[in-house]
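# An overview of the molecular structure
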Amino acid sequence: MPSRPLTTRVSPAVHDALAARAARRGKSLAATAADILSAAVADEDGTPPPPDGELTTSVLQAVGDVTAPEAVVCREVALQMAGIVERRERGATGAARRLMEAVEQAAAVQRRADSPPDMTMADLFAHFG
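How each quantity is defined
- Residues numbered from 1 in each chain as written.
- Predicted model: local features only at pLDDT ≥ 70, side-chain atom pairs only at ≥ 80, totals over all residues.
- Heavy atoms only, no water.
- Core = buried A, V, L, I, M, F, W, Y, C linked by side-chain atoms within 4.5 Å.
- Buried < 20%, exposed > 50% of the residue type's maximum accessible area, 1.4 Å probe, protein only.
- Helix = DSSP H or I, 4+ residues; strand = E, 2+ residues; numbered from the N terminus.
- Contact = heavy atoms within 4.5 Å.
- Arc of directions from axis to C-beta.
- pLDDT = per-residue confidence, 0-100.
- Salt bridge = Lys/Arg side-chain N within 4 Å of Asp/Glu carboxyl O.

In this structure, Val-59, Val-63, Ala-71, Ala-78, Met-81 and Leu-99 are the most contacted members of the largest nonpolar core, which totals 16 residues. Ranked by residues supplied to this core, first place goes to helix α4 (residues 69-86) with seven residues. When near neighbours in sequence (up to four residues on either side) are disregarded, Met-81 contacts Ala-95, Arg-98 and Leu-99.

Have a look at this one:
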């Protein structure tokens, strides 16, 4: 999404609160401030938030329907990495690599969860008596 730089001064308390929120979200301070400002402006004039970028949409198409707990975690990591890449934040190159790994891992974990383990002869005897 195209953007323009904005410089502003805030109190130390506001800066600390933004930094804490950014850390909790795993985002940069600038990205967090941009998200908050965009949401405030959108809320005020009733415009919807910006749509997901093509990369985020692709990640959702690839692994949006995973249900295995570990696969869901991988999907969420992939979505966070896609956002970093789309916003061209610092570390975007590394995030792109981690994004690919997370998508592959989510799919692999879901495949394992969807495939029941093979039964051994002992399992069959125990099950059928």
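There's more to say after this.
This part takes up helix α3 (residues 54-63). Taken together, the buried positions of α3 are Thr-56, Val-59 and Val-63. The buried residues of α3 occupy an angular sector of 60° when the element is viewed end-on, so they sit on one face. Pointing more than 90 degrees away from the buried face of α3 are the exposed residues Glu-54 and Gln-61. In this structure, the buried residues of α3 make contact with α4 and α5 (92-114).

For the chain, per-residue confidence averages 85 on the pLDDT scale, and residues scoring 70 or more make up 89% of the total. Of all helices and strands in the chain, the one with the weakest mean pLDDT is helix α6 (residues 121-128) (74), whereas α5 scores best (94).

For side chains bearing opposite charge, pairing can occur when the charged atoms are close. On inspection of all chains with the given rule, the structure shows four salt bridges. Across the pair Glu-76 and Arg-75 runs a salt bridge whose closest N-O atoms are separated by 3.1 Å. Note on Arg-75: relative accessible area 14%, which makes it buried. The partner of Glu-101 in a salt bridge is Arg-98, with the nearest N and O atoms 3.8 Å apart. Taken together, the residues Glu-101 and Arg-98, both in helix α5 and three residues apart, mark about one turn of the helix. Among the residues examined, Arg-98 registers a relative accessible area of 30% and is labelled partly exposed.

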